[in-house]
Amino acid sequence: GNSVTQMEGPVTLSEEAFLTINCTYTATGYPSLFWYVQYPGEGLQLLLKATKADDKGSNKGFEATYRKETTSFHLEKGSVQVSDSAVYFCALSDRFDYKLSFGAGTTVTVRA
Amino acid sequence: GAGVSQSPRYKVAKRGQDVALRCDPISGHVSLFWYQQALGQGPEFLTYFQNEAQLDKSGLPSDRFFAERPEGSVSTLKIQRTQQEDSAVYLCASSLDGRAPSYEQYFGPGTRLTVT
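Residues numbered from 1 in each chain as written. Chains lettered and ligands numbered in written order. Predicted model: local features only at pLDDT ≥ 70, side-chain atom pairs only at ≥ 80, totals over all residues. Heavy atoms only, no water.

A. Molecular detail of the overall build of chain A. The secondary structure content of chain A amounts to zero helices and twelve strands. Taking 112 residues into account, the globule formula puts the C-alpha radius of gyration at 13 Å, and chain A, at 13 Å, falls close to it. Structurally, chain A occupies a C-alpha span of about 45 × 25 × 20 Å along its principal axes. Going through the 112 residues of chain A one by one, you find that 50% of them count as buried. Surface exposure of chain A reaches about 5,200 Å², of which carbon and sulfur atoms provide 47%. (Helix = DSSP H or I, 4+ residues; strand = E, 2+ residues; numbered from the N terminus. Rg over C-alpha atoms; globule rule 2.2 N^0.38 Å. Buried < 20%, exposed > 50% of the residue type's maximum accessible area, 1.4 Å probe, protein only. Areas by Shrake-Rupley, 256 points an atom, 1.4 Å probe, with all protein chains shown as cover.)

What follows is the structure, given as C-alpha coordinates:
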(Lines give C-alpha, C1' and ligand atoms only; values in the text may rest on other atoms or scores of the structure.)
Protein backbone atom coordinates (compact mmCIF):
# COMPACT_ATOMS: atom_id res chain seq x y z
CA GLY A 1 0.00 0.00 0.00
CA ASN A 2 0.88 3.67 -0.05
CA SER A 3 2.72 5.32 2.81
CA VAL A 4 4.58 8.52 3.62
CA THR A 5 7.41 9.05 6.07
CA GLN A 6 8.41 12.57 7.00
CA MET A 7 10.97 14.12 9.27
CA GLU A 8 9.96 14.21 12.89
CA GLY A 9 9.70 17.51 14.63
CA PRO A 10 9.39 19.80 16.27
CA VAL A 11 11.68 22.10 14.34
CA THR A 12 12.57 25.51 15.74
CA LEU A 13 14.30 28.09 13.57
CA SER A 14 15.23 31.73 13.64
CA GLU A 15 13.74 34.12 11.12
CA GLU A 16 15.54 34.10 7.74
CA ALA A 17 16.97 30.63 8.35
CA PHE A 18 16.81 27.85 5.75
CA LEU A 19 14.13 25.22 6.24
CA THR A 20 14.07 21.69 4.90
CA ILE A 21 11.62 18.96 5.83
CA ASN A 22 12.37 15.51 4.49
CA CYS A 23 9.64 13.33 3.02
CA THR A 24 9.92 9.90 1.45
CA TYR A 25 7.15 7.72 0.12
CA THR A 26 6.16 4.21 -0.87
CA ALA A 27 3.54 3.80 -3.56
CA THR A 28 2.33 0.99 -5.76
CA GLY A 29 1.29 3.25 -8.62
CA TYR A 30 2.44 6.59 -9.97
CA PRO A 31 1.56 9.02 -7.22
CA SER A 32 0.87 12.71 -7.14
CA LEU A 33 2.68 14.32 -4.23
CA PHE A 34 1.51 17.15 -2.00
CA TRP A 35 2.54 19.34 0.87
CA TYR A 36 -0.30 20.54 3.06
CA VAL A 37 0.05 23.16 5.80
CA GLN A 38 -2.01 23.73 8.91
CA TYR A 39 -1.59 27.16 10.48
CA PRO A 40 -2.59 27.58 14.13
CA GLY A 41 -6.35 27.52 14.49
CA GLU A 42 -6.95 26.88 10.80
CA GLY A 43 -7.78 23.92 8.59
CA LEU A 44 -5.46 22.01 6.29
CA GLN A 45 -4.65 23.80 3.07
CA LEU A 46 -2.66 22.79 0.06
CA LEU A 47 0.78 24.40 -0.08
CA LEU A 48 2.12 22.86 -3.29
CA LYS A 49 1.95 19.75 -5.42
CA ALA A 50 3.76 17.80 -8.14
CA THR A 51 2.12 15.24 -10.35
CA LYS A 52 5.01 13.53 -12.13
CA ALA A 53 8.69 12.76 -11.75
CA ASP A 54 11.06 15.77 -11.83
CA ASP A 55 8.19 18.24 -11.44
CA LYS A 56 8.86 21.06 -9.02
CA GLY A 57 5.99 22.45 -7.00
CA SER A 58 6.34 25.93 -5.56
CA ASN A 59 4.26 28.42 -3.59
CA LYS A 60 4.89 31.21 -1.05
CA GLY A 61 8.67 30.72 -1.37
CA PHE A 62 8.44 26.99 -0.65
CA GLU A 63 9.64 24.42 -3.16
CA ALA A 64 9.66 20.64 -3.46
CA THR A 65 10.89 18.44 -6.30
CA TYR A 66 9.39 15.04 -7.13
CA ARG A 67 12.35 12.64 -7.11
CA LYS A 68 11.29 9.22 -8.34
CA GLU A 69 14.77 7.70 -8.08
CA THR A 70 14.95 8.44 -4.36
CA THR A 71 11.15 8.34 -3.77
CA SER A 72 11.37 11.71 -2.07
CA PHE A 73 9.60 15.05 -2.03
CA HIS A 74 11.54 17.24 0.39
CA LEU A 75 10.15 20.67 1.26
CA GLU A 76 12.50 23.66 1.30
CA LYS A 77 12.36 27.39 1.92
CA GLY A 78 15.36 29.63 1.75
CA SER A 79 14.36 32.27 4.30
CA VAL A 80 11.55 31.54 6.74
CA GLN A 81 9.35 34.08 8.47
CA VAL A 82 7.49 33.97 11.75
CA SER A 83 4.29 33.58 9.72
CA ASP A 84 5.58 30.21 8.43
CA SER A 85 5.09 28.68 11.86
CA ALA A 86 2.71 25.79 11.25
CA VAL A 87 2.39 22.03 10.96
CA TYR A 88 3.46 20.67 7.56
CA PHE A 89 2.15 17.41 6.14
CA CYS A 90 3.53 15.47 3.20
CA ALA A 91 0.90 13.42 1.35
CA LEU A 92 0.34 11.36 -1.76
CA SER A 93 -2.42 9.91 -3.84
CA ASP A 94 -2.35 7.90 -7.04
CA ARG A 95 -4.72 7.09 -9.84
CA PHE A 96 -5.52 3.75 -8.28
CA ASP A 97 -6.06 5.16 -4.80
CA TYR A 98 -7.63 8.62 -4.85
CA LYS A 99 -7.53 9.04 -1.09
CA LEU A 100 -4.68 11.00 0.42
CA SER A 101 -2.09 9.18 2.51
CA PHE A 102 -0.42 11.56 4.95
CA GLY A 103 2.78 11.64 6.91
CA ALA A 104 2.65 12.31 10.64
CA GLY A 105 3.33 16.03 10.25
CA THR A 106 6.22 18.25 11.22
CA THR A 107 5.69 21.19 13.56
CA VAL A 108 7.77 24.20 12.61
CA THR A 109 8.23 27.20 14.89
CA VAL A 110 10.01 30.30 13.62
CA ARG A 111 11.32 32.75 16.21
CA ALA A 112 11.74 36.44 15.53
CA GLY B 1 -16.75 31.66 -2.14
CA ALA B 2 -17.55 29.58 0.91
CA GLY B 3 -15.21 26.78 1.78
CA VAL B 4 -15.95 23.45 3.39
CA SER B 5 -17.79 23.85 6.67
CA GLN B 6 -18.22 21.37 9.47
CA SER B 7 -20.40 21.32 12.55
CA PRO B 8 -20.17 21.15 15.42
CA ARG B 9 -16.59 22.34 15.79
CA TYR B 10 -16.31 20.67 19.18
CA LYS B 11 -18.23 17.75 20.60
CA VAL B 12 -17.94 16.12 23.99
CA ALA B 13 -19.71 12.78 24.33
CA LYS B 14 -19.97 10.33 27.15
CA ARG B 15 -18.85 6.84 26.36
CA GLY B 16 -21.71 4.92 24.80
CA GLN B 17 -23.47 7.95 23.31
CA ASP B 18 -24.15 8.32 19.61
CA VAL B 19 -22.83 11.37 17.74
CA ALA B 20 -23.46 12.88 14.31
CA LEU B 21 -20.95 15.12 12.57
CA ARG B 22 -21.97 17.25 9.61
CA CYS B 23 -20.03 18.37 6.56
CA ASP B 24 -21.08 20.97 3.98
CA PRO B 25 -18.78 20.68 0.97
CA ILE B 26 -17.97 23.38 -1.54
CA SER B 27 -20.89 23.84 -3.92
CA GLY B 28 -20.44 21.81 -7.09
CA HIS B 29 -17.80 19.49 -5.67
CA VAL B 30 -18.61 15.95 -6.66
CA SER B 31 -16.27 14.13 -4.31
CA LEU B 32 -16.32 14.12 -0.53
CA PHE B 33 -13.89 12.50 1.87
CA TRP B 34 -13.82 11.90 5.62
CA TYR B 35 -10.54 11.58 7.52
CA GLN B 36 -9.73 10.94 11.15
CA GLN B 37 -6.81 12.73 12.75
CA ALA B 38 -5.52 11.49 16.09
CA LEU B 39 -3.50 13.84 18.25
CA GLY B 40 -0.02 14.36 16.84
CA GLN B 41 -0.71 12.28 13.74
CA GLY B 42 -1.55 12.88 10.12
CA PRO B 43 -5.12 12.45 8.88
CA GLU B 44 -6.18 8.92 8.01
CA PHE B 45 -8.78 8.10 5.39
CA LEU B 46 -12.18 6.88 6.52
CA THR B 47 -14.54 6.96 3.55
CA TYR B 48 -15.20 8.51 0.13
CA PHE B 49 -18.31 9.59 -1.78
CA GLN B 50 -18.74 10.36 -5.43
CA ASN B 51 -22.02 12.28 -5.49
CA GLU B 52 -24.37 10.24 -3.30
CA ALA B 53 -22.56 6.94 -3.86
CA GLN B 54 -20.24 5.72 -1.15
CA LEU B 55 -17.48 4.18 -3.25
CA ASP B 56 -14.99 3.34 -0.54
CA LYS B 57 -15.51 2.79 3.16
CA SER B 58 -12.43 0.71 3.75
CA GLY B 59 -11.04 3.11 6.36
CA LEU B 60 -14.00 3.01 8.73
CA PRO B 61 -12.55 1.45 11.89
CA SER B 62 -15.63 -0.50 12.95
CA ASP B 63 -19.28 -1.05 12.17
CA ARG B 64 -20.08 1.65 14.73
CA PHE B 65 -19.05 4.19 12.10
CA PHE B 66 -21.53 5.07 9.38
CA ALA B 67 -21.50 7.83 6.77
CA GLU B 68 -24.09 9.06 4.31
CA ARG B 69 -24.55 11.69 1.63
CA PRO B 70 -28.13 11.13 0.51
CA GLU B 71 -28.49 14.02 -1.96
CA GLY B 72 -24.91 14.25 -3.09
CA SER B 73 -24.18 17.39 -1.11
CA VAL B 74 -24.18 17.50 2.70
CA SER B 75 -22.68 14.48 4.43
CA THR B 76 -23.05 13.12 7.95
CA LEU B 77 -20.63 10.88 9.78
CA LYS B 78 -22.32 8.99 12.58
CA ILE B 79 -20.57 7.15 15.36
CA GLN B 80 -22.65 4.84 17.50
CA ARG B 81 -21.82 3.82 21.06
CA THR B 82 -18.74 6.05 21.18
CA GLN B 83 -15.56 4.74 22.78
CA GLN B 84 -12.59 6.64 24.16
CA GLU B 85 -10.46 5.56 21.22
CA ASP B 86 -12.84 7.49 18.95
CA SER B 87 -11.52 10.77 20.37
CA ALA B 88 -9.93 12.60 17.44
CA VAL B 89 -10.44 15.41 14.98
CA TYR B 90 -12.72 14.40 12.11
CA LEU B 91 -11.92 16.18 8.88
CA CYS B 92 -14.09 16.51 5.83
CA ALA B 93 -12.68 17.36 2.41
CA SER B 94 -14.23 17.92 -0.98
CA SER B 95 -12.87 18.07 -4.50
CA LEU B 96 -14.15 18.58 -8.02
CA ASP B 97 -13.44 14.96 -8.89
CA GLY B 98 -11.73 12.66 -6.44
CA ARG B 99 -11.02 10.14 -9.17
CA ALA B 100 -8.30 12.43 -10.51
CA PRO B 101 -5.48 12.34 -7.96
CA SER B 102 -4.07 15.67 -9.03
CA TYR B 103 -7.26 17.51 -8.07
CA GLU B 104 -6.92 19.44 -4.84
CA GLN B 105 -8.90 18.33 -1.83
CA TYR B 106 -10.23 21.27 0.17
CA PHE B 107 -10.47 20.63 3.88
CA GLY B 108 -12.91 21.88 6.45
CA PRO B 109 -11.83 23.05 9.92
CA GLY B 110 -12.69 19.70 11.48
CA THR B 111 -14.79 18.53 14.41
CA ARG B 112 -12.86 17.75 17.57
CA LEU B 113 -14.57 14.82 19.29
CA THR B 114 -13.72 14.05 22.90
CA VAL B 115 -15.21 10.94 24.45
CA THR B 116 -15.20 10.91 28.25
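B. How the structure looks around the interface of chain A and chain B. Contact with chain A, which involves 19 residues of that partner, is made by 22 residues of chain B. Of the roughly 1,600 Å² buried between chain A and chain B on both sides combined, carbon and sulfur atoms contribute 58%. Per-residue buried area on chain A facing chain B is highest for L44, Y98 and K99 of chain A; these three make up 37% of the total on that side. At the junction of chain A with chain B, the criterion picks out one salt bridge. Between D56 of chain B and K99 of chain A there is a salt bridge, and its shortest N-O distance comes to 3.4 Å. At the surface where chain A touches chain B, the tally comes to three residue pairs in polar contact (both at pLDDT 80 or more). (Contact = heavy atoms within 4.5 Å. Buried area = accessible area lost by both parts, 1.4 Å probe. Salt bridge = Lys/Arg side-chain N within 4 Å of Asp/Glu carboxyl O. Polar contact = N/O pair within 3.5 Å; in protein donor to acceptor, adjacent residues only side chain to side chain.)

C. Examining unusual backbone geometry more closely. For the bond running from G9 of chain A to P10 of chain A, omega is -5 degrees, close enough to zero to count as cis. Looking at the element boundaries, P10 of chain A is found in the loop between β1 (3–6) and β2 (11–14). Here the amide bond leading from S7 of chain B into P8 of chain B is cis, since omega sits at -10 degrees, within 30 degrees of zero. Structurally, P8 of chain B is set in the loop between β1 (5–7) and β2 (10–13). For D54 of chain A, which is not a glycine, the phi torsion comes out positive at approximately 75 degrees. Locating D54 of chain A in the fold gives a position in the loop between β6 (45–50) and β7 (56–59). According to the relative accessible area criterion, D54 of chain A is exposed, its value standing at 53%. Its identity as a non-glycine residue notwithstanding, T71 of chain A has a phi of 45 degrees, on the positive side. For T71 of chain A, the location among the structural elements is in the loop between β8 (62–65) and β9 (75–77).

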